[in-house]
Amino acid sequence: MIVLRIIAGIVLLILILAGFLLFTKTSVYISYTDENLKIRFRNGFLRYTLKPAPKKEKKPREVNRENITKEVNKKKRRLTDNTTFLWTLLREMRFRVEVVKTKIRVDFGTGDPADTGLLYGIIWAAVGNIYQVFNRYLVFDFPETEINADFENKIFKTQFEGIIRVRLVHIITALAKSIKKNK
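What comes next is a walk through the structure. (Residues numbered from 1 in each chain as written. Predicted model: local features only at pLDDT ≥ 70, side-chain atom pairs only at ≥ 80, totals over all residues. Heavy atoms only, no water.)

### Some remarks on the layout of surface pockets
Right, so step 1: Within this model, the largest pocket holds a volume of roughly 710 Å³.
Right, so step 2: Forming the walls of the largest pocket are 30 residues, and the residues nearest its centre are V99, F134, L138, F140 and I164.
Right, so step 3: At the level of secondary structure, the elements contributing two or more residues to the lining of the largest pocket comprise β1 (25–33), α2 (65–92), β4 (98–110), α3 (113–137), β7 (154–167) and α4 (168–181).
Right, so step 4: The element best represented in the lining of the largest pocket is α3, accounting for six residues.
Right, so step 5: For the lining of the largest pocket, the class distribution of residues is 27 nonpolar, three polar and no charged.
Right, so step 6: Approximately 160 Å³ is the volume found for the second largest pocket.
Right, so step 7: Breaking the lining of the second largest pocket down by element, the ones donating at least two residues are β1, β2 (36–43), β4 and β7.
Right, so step 8: Residues belonging to the lining of the second largest pocket are distributed by class as follows: three nonpolar, two polar and five charged. (1 Å grid on protein atoms, 1.4 Å probe; cavity = no way out; pocket = protein on both sides within 12 Å on 5 of 7 lines; lining within 4 Å. Points joined across faces, edges and corners; volume = space filled by probe spheres on them. Helix = DSSP H or I, 4+ residues; strand = E, 2+ residues; numbered from the N terminus. Nonpolar A, V, L, I, M, F, W, Y, C, P; charged D, E, K, R; others polar.)

Now the structure itself:
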């Protein structure tokens, strides 16, 4: 009888812990600076940091028309499959994801002042359009954006920091619905 009570207590503790993890908000901290990507997860008292994988050296491949066509078609299929799945997932998680404290910094220059000015306008237009798309699906405040144009030098540096908050139960249900719709 004592053994059953101990087992029941352990099962109850596991269920309480699982409920706590599923229904509390998980924060994802993303930091990107040129080649350095850092992602940290935090859910209640659990924390995890993703470390970037070491880069592998690729073997040089023979470049001809057939190989290029095969690679382009393969990547095109993968992109369309992933894009439809991602949009279905975003629609299922609509307004359940919070994006807070977003900071974007871009330093760029082409070496030619006219081209740099043109690119400056294009980047600001892209930021505004991306904001509208994200704002349609997420709880999203306008990011703290800093775009600096260097009219004399060729340079391109980016920095991004952001916090995404979501409940794991919302991710699980949205994934299940998205997989069911895309079968």
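### Things to note about the pairing of β7
Right, so step 1: In terms of strand pairing, β1 meets β7 through nine bridges, oriented antiparallel. Within β7, the position partnered with Y32 by the bridge is F160.
Right, so step 2: When β4 meets β7, the two strands line up antiparallel, connected through 11 bridges. By the bridge assignment for β7, D107 is matched with K157. (Pairing = 2+ DSSP bridges.)

### Remarks on the packing of aromatic side chains
Right, so step 1: Under the definition given, this model contains four aromatic pairs.
Right, so step 2: For the ring pair Y131 and F140, a centre distance of 5.7 Å and an interplane angle of 40° mean the geometry is tilted. Judged on exposure class, the residue Y131 and its partner F140 are both buried.
Right, so step 3: With centroids separated by 5.5 Å and ring planes inclined at 55°, the aromatic side chains of F134 and F140 adopt a geometry described as tilted.
Right, so step 4: For F140, a relative accessible area of 10% corresponds to the buried category. (Phe/Tyr/Trp six-rings, centres within 6.5 Å; stacked < 30°, edge-to-face > 60°. Buried < 20%, exposed > 50% of the residue type's maximum accessible area, 1.4 Å probe, protein only.)

### Description of a nonpolar patch on the surface
Right, so step 1: A cluster of nonpolar side chains, I2, I6, I10 and I14, forms an exposed patch at the surface whose accessible area comes to about 420 Å².
Right, so step 2: Summarising the element assignment, I14 is placed in helix α1 (residues 2–23). (Patch = residues over 30% accessible without salt bridge, like charges linked within 9 Å, V, L, I, M, F, W, Y side chains within 5 Å. Areas by Shrake-Rupley, 256 points an atom, 1.4 Å probe, with all protein chains shown as cover. Salt bridge = Lys/Arg side-chain N within 4 Å of Asp/Glu carboxyl O.)

### Concerning the pattern of salt bridges
Right, so step 1: According to the stated counting rule, one finds four salt bridges in the structure shown.
Right, so step 2: A salt bridge links E98 to K25, with the shortest nitrogen-to-oxygen separation between them at 2.4 Å. Of this pair, E98 sits in strand β4 while K25 is found in strand β1, placing the two residues 73 residues apart along the sequence.
Right, so step 3: Judged by relative accessible area, K25 falls into the partly exposed class, the value being 35%.
Right, so step 4: Measuring nitrogen to oxygen at the nearest pair gives 3.2 Å for the salt bridge that ties D107 to R105.
Right, so step 5: In this structure D107 comes out as buried when scored by relative accessible area, which is 15%.
Right, so step 6: Using a relative accessible area of 30% as the deciding quantity, one classes R105 as partly exposed.
Right, so step 7: Several salt bridges converge on common partners, so that one network encompasses R105, D107 and E146.

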